[in-house]
Every structure is written in C-alpha cells, then in structure tokens.
Amino acid sequence: MREQGGGHPALASEDEQRLRRAFVDKDWNEIKIADSWQIFKVMAEFVEGFEKMSKIGPCVSIFGSARTKPDNPYYQMAEEIAAKLVRHGYGVITGGGPGIMEAGNKGARSEGGKSVGLNIELPFEQTHNIYIDQDKCIDFDYFFVRKVMFVKYAQAFVGMPGGFGTLDELFEAMTLIQTKKISRFPIVLVGSAYWSGLFKWVEEVMLHEEHNISPEDMNLVQIVDDASEAVKIIDDFYHKYLLSPNF
C-alpha cells in the first residue's frame, strides 16, 4: 500500500490498475469481441454445470465459512449434519473448498453418499477439498453461475456460520422464495448465537420499523443448534408433501 496526501492509504496496485483500465476508452470492436467471448465462457459454465448436476439426485446444499478449522464445533456439526443427511437419503452439495465446505463433503463421504463440490476460482483461500466425488467436482469463474447450481439442484439449504459469501447465498435463496421465482424449500441456519442477532435486526428494523418485508417472510428460515433438529426440519418438510429422496 502507498500513502496518499492526507495520510490515507492508496489502493493496492492491482486494484488501481483495474480502475484505470475501466476508464480507458475502448472502440466498439474491442468491446464487442471481449463481451462476445465472455458470453461463451458463461454459457460453457452453465452447460457443464447442468450436465453434471442433473444426474446427482436429491441433495442439500451446505454453506459456511472457508476459514472454519476442524477443531471448531461448527465444523464438527456440519460434518455430523452431512452424515445424517446421507443416512436419510440425501446427497450433499458444498462450495468445494476448505472449512465448513470440507466438513460437509467429509460427512457425506463418511457415509458413502454423494459428495458434490462447486468450487469457485479465487486468488486466495479456495482450493478443492479431498472429500468431493471425483466426477462431481466442478470449477466456476462466475459466482452467479455457481449460485444457480446451488439453488437449482438443492432440496434444502443448511447455513452454518460464515462470511459475506454465506450471507450472499442465504439472502439470494430467501429472495427467490419470497418473490416466488422458485418453490419454497427448507432453509435451516445452525447456531443461534451466530444468527440470532442478524435476524433480530431483520425483524425489528426491516419488518417493524421500515416495513420493507412482510411478517410471513420471517418464516423463510429456521434457526437451530442441533444436528438432528436440522435434519428433522428437512425430513418433516418433505414428508408433509409425501415426498422422499429416490436414492
């Protein structure tokens, strides 16, 4: 980092270069070529994702931090939840990386269940974990393509404590259900100590003070502290509709 006048740190050189490139005038031909190739890259990711994911059967997506260590209680709970889900007939989808994602894939693998990893290519932090089925590990450049796969091929979401990416995936799913773009399915958040403060703010400020959501929107998620309870919520939801996993 460099210091600018006034003592404020300047942007890191890589970020600065990106900003400068954004303001460079480009002719129409350059823009057209760059955008056209990007469209093909996006299409290729969708095609690969659809081809591989369409064969996996009923699965539950597990979200959470890539930074959670194996000795963390949330890592151990994610592993337990994944193992229980497999015993109840579901496969497990994660973001394919370390931390909670690794725990989910590890739990699925321990019970011989389907273990799917949707890996995002990042300059830091994200590498494949070793518990993903070899034929079910898919790499993505684009977050939005990856998120489509998480939602389209999951029968439920389990949200463990995580960072911005976890919140992004959580609120994406809630928005799609709220706006009826997708059918409702269970969203279970694990760890009341972690999640309760956020949803207290949602209820007090979003709902009651600003009226930006409806009272029924508070029912889109359920917060639990127990692995068996998390799996029971998912089972109960599908048993209500006389549905069950088919593998």
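Everything numeric here is computed off the predicted structure, so don't read it as measured data.

Caption draft 1: Fine view of the sheet that holds strand β4 (residues 137-140). Strand order across the open sheet formed by seven strands is β4-β3-β2-β1-β5-β6-β7, with parallel pairing between neighbours. Both edges of this open sheet fall to β4 and β7 (222-224), since each of them pairs with a single strand only. Across the sheet, the axes of successive neighbouring strands diverge by a mean angle of 20°, strand direction being ignored. Pairing geometry for strand β2 (residues 91-94) and strand β3 (residues 115-120), over three bridges, is parallel. Among the inter-strand pairings, Thr94 is bridged to a residue of β3, identified as Gly117.

Caption draft 2: Structural detail: the pairing of β2. Burial along β2 is two-sided: the residues Gly91 and Ile93 and Val92 and Thr94 are all buried. Bridge count for strand β1 (residues 59-63) against β2 is three bridges, and the pairing is parallel. Paired with Val60 across the strands is Val92, a residue of β2. Crossover handedness for the path β1 to helix α3 (residues 73-87) to β2: right-handed. Handedness of the β-α-β unit built from β2, helix α4 (residues 100-110) and β3 comes out right-handed.

Caption draft 3: Molecular detail of unusual backbone geometry. At Lys180, a residue that is not glycine, the phi angle is positive and equals roughly 60°. With respect to the secondary-structure elements, Lys180 resides in the loop between α6 (164-178) and β6 (187-190). Residue His211 is not a glycine yet carries a positive backbone phi of 55°.

Caption draft 4: Spatial organisation of α3. Here α3 spans 21 Å end to end across 15 residues, near enough to the 21 Å set by a 1.5 Å rise per residue. Listed as buried for α3 are Tyr75, Met77, Ala78, Ile81, Ala82, Ala83, Lys84, Leu85 and Val86. Capping the start of α3 is the job of one residue whose side-chain oxygen sits 2.7 Å from the backbone nitrogen of Tyr74: Asn72.

Caption draft 5: Summary view of the packing of aromatic side chains. A full pass over the atoms with the stated rule returns ten aromatic pairs. Among the aromatic side chains, those forming a connected cluster through ring pairs are Phe46, Phe50, Tyr142 and Phe144. The ring of Phe50 has Lys152 lying over it, and the distance from NZ or CZ to the ring centre is 5.7 Å.

Caption draft 6: Representation of the pairing of β1. With five of five residues buried, β1 is to be regarded as a mostly interior element. Along β1, one buried face is formed by Cys59, Ser61 and Phe63 and the opposite face, lined by Val60 and Ile62, is buried too. Across four bridges, the pairing between β1 and strand β5 (residues 156-159) is parallel. Residue pairing in the sheet places Ile62 in a bridge with Val158 of β5.

Quick notes on the rules
Residues numbered from 1 in each chain as written. Predicted model: local features only at pLDDT ≥ 70, side-chain atom pairs only at ≥ 80, totals over all residues. Heavy atoms only, no water. Pairing = 2+ DSSP bridges. Helix = DSSP H or I, 4+ residues; strand = E, 2+ residues; numbered from the N terminus. Axes fitted to C-alpha atoms, helices over the stretch in contact; angles between N-to-C directions. Buried < 20%, exposed > 50% of the residue type's maximum accessible area, 1.4 Å probe, protein only. Right-handed = clockwise from strand over helix to strand, strands pointing away. Expected span 1.5 Å × (residues − 1). Polar contact = N/O pair within 3.5 Å; in protein donor to acceptor, adjacent residues only side chain to side chain. Phe/Tyr/Trp six-rings, centres within 6.5 Å; stacked < 30°, edge-to-face > 60°. Lys NZ or Arg CZ within 6 Å of the ring centre and 35° of its normal.

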